[in-house]
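# Observations on the three-dimensional arrangement
If you want the building blocks of each chain, they are given just below.
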Amino acid sequence: MAGGRRGLVAPQNTFLENIVRRSNVWTLSHRHTDTNFVLGNAQIVDWPIVYSNDGFCKLSGYHRAEVMQKSSTCSFMYGELTDKDTSEKVRLTFDNYEMNSFEILMYKKNRTPVWFFVKIAPIRNEQEKVVLFLCTFSDITAFKQPIEDDSSKGWGKFARLTRALTSSRGVLQQLQPTVHKGENVHKHSRLAEVLQLGSDILPQYKQETPKTPPHIILHYCAFKTTWDWVILILTFYTAIMVPYNVSFKTKQNNVTWLVVDSIVDVIFLVDIVLNFHTTFVGPAGEVISDPKLIRMNYLKTWFVIDLLSCLPYDVINAFENVDENWNHRAVTQGISSLFSSLKVVRLLRLGRVARKLDHYIEYGAAVLVLLVCVFGLAAHWLACIWYSIGDYEVIDEDRNTIRTDSWLYMLGDTIGSPYRFNTSAGRWEGGPTKDSVYITSLYFTMTSLTSIGFGNIAPTTDGEKIFAVAMMMIGCELKSFIYSP
């Protein structure tokens, strides 16, 4: 899944795409004129430029990289002869989201003074909110002070003025749409009428749905968005249950849980099929809807991981052969644990699906809930590891002894469920219940991550101490991440 990115199907990006594409067509069809415009973001302080076309770059002498993120008032082109009253009117036009035009003296990058006829137009979205500013520039220097150059030597003043008029008509003439006989003339949009531009020139600022083949699903449509949330919930379910089942060695012979896990596996399998028919965002920000490209992209990225994550490991474990031989049974249990552990690859889906939450980051409540979930999930994983270490070290099977300094042994004594040796079976039995062990493990990891540490549960063995140190370092990283600006 491509997360929250819509590529060029987002309203602003669609507008930019249409403007750029059509301006390129006009430039080719009008060999003697160029379109000169910039687009500014109306929702950010100082209205930074988000796009400048080649015509403006050529006219001003600046490269596109030098212009981007500068103010769309083009104050960086002001100089000592720029009229301050006019520049102030330009700023007020932006402040008031008005539409206006000005004649103003500005300077190219090489500090050559040029008179520009500037038109500023606010562009509103479907909610009538100003989101962009379109600023067009026409060179009218010849009208103010005809300049004599090598190509105009011997020409009369009127002839030079006529030539300048022809070469500097800019947007007013070159953007007029060509209408052939028999074609329907589209109605001009309100913005297009004011700018004297045809509606074919200035596309409407709205969300446009790209055309896709019938069997291709847009990655941001309502169905796919709902499906992504289902996958996110099931991923969190897997992130919680898989470490628990692996660490506590639970045998999922319960029919209810077996059915639930089988349904989860089927849903992940369906997700693979849907991903082969879902658009994605290309490197240039465009929406890729070609079926062949979609299949190739998915095969090269997430297919292997998704396939491993949807295999029915629980069904395999449920129907495994049970042998009375202890060694064979131990090997079988090891294979079963390996199958269950492979389901952890589903956790890699969290990185893909979590990007859906990007547009909620600006809301404090959503960020708080997200951080709590991340912190709780980390504590859950660490609790499972903490129990695994204690369970591995509490009983020495080679010597058939028990470590009285283990936290599991002390917990059993504290709650009245001590370990005891069964002489008839020749093995240790008893100990605290899994519910008590999990709650205690989660309590210890929470206190360690938050650096509280009451000391009633403490690491005593070397393995427990090493893990406790690692857990404290993880806690420091989580805190620095949460409190970082």
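Residues numbered from 1 in each chain as written. Predicted model: local features only at pLDDT ≥ 70, side-chain atom pairs only at ≥ 80, totals over all residues. Heavy atoms only, no water.

If you check an unreviewed UniProt entry, the protein appears there as PAC domain-containing protein from Phoxinus phoxinus. According to its UniProt record, the protein has this under Subcellular location (unreviewed entry): "Membrane". (UniProt positions renumbered as here; feature names shortened; annotations may be inferred.)

### Observations concerning the overall build of the protein
In terms of regular secondary structure, the protein is built from 19 helices and 11 strands. Buried residues in the protein amount to 40% of all 485 residues. Long-range pairs, those at least 24 residues apart, make up 59% of the contacts in the protein between residues at least 6 apart in sequence. (Helix = DSSP H or I, 4+ residues; strand = E, 2+ residues; numbered from the N terminus. Buried < 20%, exposed > 50% of the residue type's maximum accessible area, 1.4 Å probe, protein only. Contact = heavy atoms within 4.5 Å.)

### What about the pattern of salt bridges?
The final tally for this structure, using the stated rule, is 6 salt bridges. Note that K109 is salt-bridged to E66, the shortest N-O span being 2.7 Å. Here K109 is found in the loop between β3 (100-107) and β4 (113-124), whereas its partner E66 is found in helix α3 (residues 64-67), with 43 residues between them in sequence. By relative accessible area, K109 is classed as partly exposed at 37%. (Salt bridge = Lys/Arg side-chain N within 4 Å of Asp/Glu carboxyl O.)

### Description of the confidence of the model for the protein
In low-pLDDT regions, the fine details of the predicted coordinates are not to be read closely. Confidence along the protein averages 75 in pLDDT terms, with 66% of residues attaining 70 or more. The model gives residues 26-32 a pLDDT under 50, and that stretch makes 9 contacts with residues more than four places away or in other chains. In this model residues 147-154 is a low-confidence stretch, pLDDT under 50, and it forms 9 contacts with partners more than four residues away in sequence or in other chains. (pLDDT = per-residue confidence, 0-100.)

### Points about a nonpolar patch on the surface
Taken together, the side chains of V304, L307, L308 and L311 define a hydrophobic patch exposed on the protein surface, amounting to about 290 Å² of accessible area. Note that L308 resides in helix α12 (residues 303-309). We classify L308 as partly exposed; its relative accessible area is 35%. (Patch = residues over 30% accessible without salt bridge, like charges linked within 9 Å, V, L, I, M, F, W, Y side chains within 5 Å. Areas by Shrake-Rupley, 256 points an atom, 1.4 Å probe, with all protein chains shown as cover.)

### A look at the sheet that holds strand β2 (residues 49-52)
Strand order in the open sheet made by the 5 strands is β2-β1-β5-β4-β3, with antiparallel pairing throughout. Each having just a single partner strand, β2 and β3 make up the two edges of the open sheet. Going across the sheet, the axis of each strand differs from the next one's by a mean of 25°, ignoring polarity. Pairing between β4 and strand β5 (residues 130-139): 9 bridges, direction antiparallel. Considered in β5, the bridge of I123 is made with L132. (Pairing = 2+ DSSP bridges. Axes fitted to C-alpha atoms, helices over the stretch in contact; angles between N-to-C directions.)

### A look at the environment of Y107
Relative to the helices and strands, Y107 is located in strand β3. Along the primary structure Y107 and F76 are separated by 31 residues, whereas in three dimensions their C-alpha atoms are 8.7 Å apart. Among all residues touching Y107, those that are not within four sequence positions of it are M77, Y78, G79, E80, L81, T82, T112 and P113. Looking at Y107, its side chain comes within polar contact range of the main-chain nitrogen of L81, at 3.3 Å. (Polar contact = N/O pair within 3.5 Å; in protein donor to acceptor, adjacent residues only side chain to side chain.)

### Some thoughts on the side chain of T93
When you line up the elements, T93 lands in helix α4 (residues 84-95). The exposure class assigned to T93 is buried, which follows from its relative accessible area of 1%. In this view, T93 contacts E98, N100, F102 and I120; residues no more than four positions away in its chain are not counted.

### Considering the pairing of β4
Of the strand pairs in this sheet, β3 and β4 are connected by 8 bridges, and their pairing is antiparallel. Pairing of F102 across the sheet is with V118, part of β4. Linkage of β4 to β5, two consecutive antiparallel strands, is achieved through a turn of 5 residues, within which E128 is found at a positive phi near 60°.

### Observations concerning helix α11 (residues 291-300)
Among all positions of α11, only P291, I294 and Y298 are buried. Mapping the buried residues of α11 onto a view down its axis gives an arc of 60°, with all of them on the same face. Within α11, the exposed residues directed more than 90 degrees away from the buried face are K292 and K300. Tucked into the core, α11 has its buried residues touching α10 (255-275), β6 (280-281), β7 (287-288) and α12. (Arc of directions from axis to C-beta.)

### A closer look at the UniProt feature "transmembrane region" (unreviewed entry) in the protein
According to UniProt, the feature "transmembrane region" (unreviewed entry) maps to residues 229-248, 360-389 and 436-454 in the numbering used here. Helix makes up 95% of residues 229-248 and strand makes up 0%, while its end C-alpha atoms are separated by 29 Å. The span residues 436-454 is 74% helical and 0% strand by assignment, and the distance between its end C-alpha atoms comes to 18 Å.

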